[in-house]
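So you can see what is in the structure, the chains are spelled out below.
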Amino acid sequence: MSEIPLTHILFLSTVLFFIGIYGLFTRRNMITMLMSIELMLNSVNINFVAFNKYLYPEKIDGIFFSIFVITIAAAEAAVAIAIIINLYRSHHSIDVEDATEMKY
Amino acid sequence: MSHPIYIALIPLIPLACFFVLGLFGRKYFTNSAGIIGTLGLLSSTLLSLVTAYEYFFVSGKVNAIYQKIEVVKYTWLEFSPGISIDMGILIDPITVMMLVVVSFVSLMVHLFSLGYMKGETRFATYYAFLGLFTFSMLGLVLSSNIFQIYLFWELGGVSSFLLIGFYFEKPSAVAASKKAFIVTRFADLGFLIGILVLSFYSHTLDFGVLIERLTTTNSPFLIAINAASFLGVSALTWGLLLVFIGGAGKSAMFPLHIWLPDAMEGPTPVSALIHAATMVVAGVFLVARLFPVFALSNPDALQIVMYTGAFSAFFAAVIACTQTDIKRVLAYSTMSQIGYMMFALGVSKYHGEDGLGYMGSMFHLFTHAFFKSLLFLGAGAVIHLVHSNEMKDMGGLRKLMPITHISFLVACLAIAGIPPFSGFFSKEEILMASFESNKLVYAIALLTSGLTAFYMFRLYFSIFWSKEADTHYAHHGEGTWSMKIPLILLAILAIVAGFAPISSLITADGNPIHSSIPFTFSILPVSLAIAGILLATRLFKTSNELPQRIAIQLGGIYNAAYHKFYIDEVYLFVTKKVLFNLVGKPAAWFDKNIVDGFMNLLAKLTTSLSELIKGFQSGKVQDYALYFFGGIAGLIIAFLYLWK
């Protein structure tokens, strides 16, 4: 069984990252935006794990960092959902275009 | 002086009354405020009397000379070694005398106000202000530092402002209080500059050191201040004259007197306290305090003090003859009597028997405080009954108010200088002193004393005789006992104060003077006074046409005097026409167009710039995210390719 080369995995993570960015900029629904951010975070995780496995298989730093990122992502999701719920209570909508009062 | 604490208490008790009544008076002491204030002042008065006894008869004398004793000295603000603003207590004969006078007259006024101000809505506030004033006046006379005296001086100005404007719903009272404040403040500017000049050359602010440095012949300080000159006049003369301007403003000397007649808008007991007996003599006190410097080092400045005083005395007496508002007559008479005190200082010298003028001035200050406050309180009682200040609304009141009548008569005799009332003795000393040193001033003084007798008896007859009283006053009664007791006490003092042994207690150099006025010297002034009284009796005892006819005969002079020689109009012309148009308006134009214009330009620039860039702050979260990522991308590019 031949090994999957590193470039394939990096290609996957890059695609995932830009799908995330695309989603963040084009979606108006905040839940979808949150999901896009999660995509970006996870693409980074893939990079961490892949570099760890291919370049320094004897170390665990990459795995270590990816676990950190997962933890942060969980906290960030909690905060973001709290913000979304509050926004819904005050605006009856979770569309970012409806919440643009904080301007000049 | 072994117990300095109780001397410090003399001014502090009225201060405590001020705080208690000012902060809590309107809520908790609406009715008892008067009692609290009066009791506080009573304790201050008793302490003053104890201090006076201690000083004059027990511990004040060293080698038969009364000493200046610095009881307390606390360095408060030190600018440089030697120059500091201290809070101290300086005890010397004039301080002790002023303590007694101020606290006693203030006590009488507190007592009188119990009846006079009864039922006022701001009764407690009134007593709080009285307490503040008494504190500042007592602090002023006790000051040991020239800057400390300046602080209390201004505090006196403030409390005078508050009390003149006590009836602040009356526009005239508001105008009068503003006028008094601005005029005296203007004069105090002179005082402040004078202090700076004197302290700059003598390197001290302490009275004792200052006087010593500026009077010792050949001291380096005296040489320096005499050597420096401005416009051909030495710095010492300038300093003393500027200090005197401050004193002249407070003591209503010509031409800074214009605030005093208007100050009569305040409640009458206040006029008795502030504008007759105590605050207005602060200027005399100040000159007396610095008298050694005036007399020993700079007789030129003293000459100016003398001529200002003499002119004011005569000028005010002439105006007083024509006024119809009884309080204004008394105000001009106050100005005239203070003029007496000033020129008495002016004719005096420092040493021994030549210091007669100084002694006479302090003596006159002492007796004047009693009979003038008595006159004002009597006028207050009359106004309380009649509800008017105008002479034409009065007349024939002698039967309705016997006690007021008798005490007022006593005061009139005292101020006219009829023996054996107190004014006679003090006025004789002053006349004697001026006779010995300057015949012109003596002539003015004599003439003024005749005029004084005339206008005081014009006042007396217009109030108490002239015509039958309106019957509807009869049921009203003379006033409460709290109003009568001060009148009686002050009348007694107006009779006996002349026998006080001032000549052996208060002198310029501390040595007693054995003054003996020859009997023949008294004949001329007394007969002039009697002539004045007789003339007033002829003209005003019964109402007749004669005063009217004389007024018409005198024509222009009468009119000029009636309009106070148009001094107010001159001031108005100078301020409104000259100052406002030539200085005020250009300054206002500069401020509106140049200063404001520059600021407006800056604001406009900021606005237009922000118009351009405010679109970035759109409120859309995704825009912000775009800037963020764009920024990161930009930085990455910069680091990768440009910065290698």
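Keep in mind it's a predicted model, so treat the numbers as computed, not measured. (Residues numbered from 1 in each chain as written. Chains lettered and ligands numbered in written order. Predicted model: local features only at pLDDT ≥ 70, side-chain atom pairs only at ≥ 80, totals over all residues.)

Trainee: Just to check I follow, could you spell out the overall build of chain B for this structure?
Mentor: A count of helical and extended segments in chain B gives 26 helices and six strands. For chain B, the spread of C-alpha atoms along the principal axes amounts to about 115 × 70 × 55 Å. For chain B, with 644 residues in total, the buried portion stands at 51%. When contacts within chain B are restricted to residue pairs at least 6 apart in sequence, those whose partners lie at least 24 apart make up 80%. (Helix = DSSP H or I, 4+ residues; strand = E, 2+ residues; numbered from the N terminus. Buried ≥ 20, exposed ≤ 12 C-beta atoms within 10 Å, placed from the backbone. Contact = placed C-beta atoms within 7 Å.)

Trainee: Would you explain the overall build of chain A in this entry?
Mentor: Counting its regular elements, chain A contains three helices and zero strands. Along chain A, helices and strands appear, N-terminal first, in the series α-α-α. Along the longest, intermediate and shortest principal axes, the C-alpha atoms of chain A span 55 × 30 × 25 Å. Counting over 104 residues, chain A shows a buried share of 9%. Contacts spanning at least 24 positions in sequence make up 46% of the contacts within chain A whose residues lie at least 6 apart.

Trainee: Help me out: how do you make sense of the interface of chain A and chain B in this one?
Mentor: For an interface, size is often stated in terms of accessible area lost upon the parts coming together. In this assembly, eight residues from chain A lie in contact with nine residues from chain B. Class assignment for the residues of the side of chain A that touches chain B results in five nonpolar, one polar and two charged. (Nonpolar A, V, L, I, M, F, W, Y, C, P; charged D, E, K, R; others polar.)

Trainee: How should the pairing of strand 3 (residues 69–80) of chain B be read in this particular structure?
Mentor: Working note: regular strand, side chains alternate between the two faces of the sheet. Residue and element names in this part refer to chain B. Little of strand 3 is tucked away, with zero of its 12 residues classed as buried. Pairing geometry for strand 3 and strand 4 (residues 83–91), over nine bridges, is antiparallel. What sits directly across from Ser-80, in strand 4, is Ile-83. Joining the antiparallel neighbours strand 3 and strand 4 is a turn of two residues, in which Gly-82 adopts a positive phi near 100 degrees. (Pairing = 2+ DSSP bridges.)

Trainee: How do you make sense of the nonpolar core when you look at a structure like this?
Mentor: In a soluble, globular protein the nonpolar side chains are often hidden away together inside. Residue and element names in this part refer to chain B. Among the nonpolar cores identified, the biggest contains 206 residues, and Val-284, Val-287, Leu-345, Met-362, Leu-374, Ala-411 and Ala-494 are the most heavily contacted of them. Among the elements that line this core, the one with the most residues is helix 16 (residues 356–386), at 18 residues. Those residues in contact with Val-284 that lie beyond four places of it in its chain are Ser-251, Ile-338, Met-341, Met-342, Leu-345, Ser-361 and Leu-365. (Core = buried A, V, L, I, M, F, W, Y, C linked by C-beta atoms within 7 Å.)

Trainee: For this particular structure, what's the right way to read helix 12 (residues 282–289) of chain B?
Mentor: Every α-helix carries 3.6 residues per turn, so stepping three or four residues along brings you back to the same face. Of all eight residues in helix 12 of chain B, eight are buried; the element is thus mostly enclosed. Among all positions in helix 12 of chain B, only B:Ala282, B:Gly283, B:Val284, B:Phe285, B:Leu286, B:Val287, B:Ala288 and B:Arg289 are buried.

Trainee: Would you take a moment to explain the packing of helix 15 (residues 326–347) of chain B against helix 19 (residues 439–464) of chain B for this structure?
Mentor: When two helices pack together, you describe them by how their axes are tilted relative to each other and by the distance separating the axes. Residues and elements named next belong to chain B. At a minimum axis distance of 11 Å, the contact between helix 15 and helix 19 shows a crossing angle of 160 degrees. As far as their axial angle goes, helix 19 and helix 15 are roughly antiparallel. For the crossing formed where helix 15 meets helix 19, the hand is left-handed. Residue-level inspection shows Ile-326, Val-329, Ser-333, Ser-336, Tyr-340, Phe-343 and Val-347 of helix 15 in contact with helix 19, the latter providing Val-441, Ala-445, Thr-448, Thr-452, Tyr-455, Met-456, Leu-459 and Ile-463. Its residues placed into classes, the contact of helix 15 with helix 19 shows 11 nonpolar, four polar and no charged. (Axes fitted to C-alpha atoms, helices over the stretch in contact; angles between N-to-C directions. Parallel < 35°, antiparallel > 145°, perpendicular 65-115°, else oblique. Left-handed = near helix turned anticlockwise from the far one by under 90°.)

Trainee: How should unusual backbone geometry be read in this particular structure?
Mentor: Trans is the prevailing form of peptide bonds, just as negative phi is the prevailing case for residues other than glycine. All names here are of chain B. Cis geometry is adopted by the peptide bond preceding Pro-255, which originates at Phe-254 and carries an omega value of 0 degrees. With respect to the helices, strands and loops of the structure, Pro-255 is situated in the loop between helix 9 (235–250) and helix 10 (259–262). Here the amide bond leading from Pro-419 into Pro-420 is cis, since omega sits at 5 degrees, within 30 degrees of zero. With respect to the helices and strands, Pro-420 occurs in the loop between helix 17 (402–416) and helix 18 (422–437). Despite not being glycine, His-203 shows a phi value in the positive range, around 55 degrees. Residue position: His-203 is located in the loop between helix 6 (171–202) and helix 7 (207–215).

Trainee: Would you take a moment to explain the environment of B:His203 for this structure?
Mentor: Residue and element names in this part refer to chain B. Among the residues examined, His-203 registers 16 C-beta atoms within 10 Å and is labelled partly exposed. Note: C-alpha distance between His-203 and Arg-26 (177 residues apart in sequence) is 47 Å. Residues in contact with His-203, not counting those within four places in the same chain, are Gly-82, Ile-83 and Phe-221.

Trainee: It is not clear to me how helix 4 (residues 123–142) of chain B should be interpreted in this structure. Could you clarify?
Mentor: Relative to the 28 Å expected for 20 residues at 1.5 Å per residue, helix 4 of chain B spans 29 Å between its end C-alpha atoms, a close match to the ideal helical length. With 19 of 20 residues buried, helix 4 of chain B is to be regarded as a mostly interior element. (Expected span 1.5 Å × (residues − 1).)

Trainee: I'm lost on the packing of helix 4 of chain B against helix 5 (residues 146–164) of chain B in this one. Help?
Mentor: Residues and elements named next belong to chain B. At their nearest, the axes of helix 4 and helix 5 sit 8 Å apart, and the two run at 155 degrees to each other. Taken as axis vectors, helix 4 and helix 5 run roughly antiparallel relative to one another. The two elements helix 4 and helix 5 meet at a crossing, and its hand is left-handed. Residues Phe-129, Leu-132, Phe-133, Ser-136, Met-137, Gly-139 and Leu-140 of helix 4 pack against Ile-149, Phe-152, Trp-153, Leu-155, Gly-156, Ser-159, Ser-160, Leu-162 and Leu-163 of helix 5. For the contact of helix 4 with helix 5, a count of residues per class yields 11 nonpolar, five polar and no charged.

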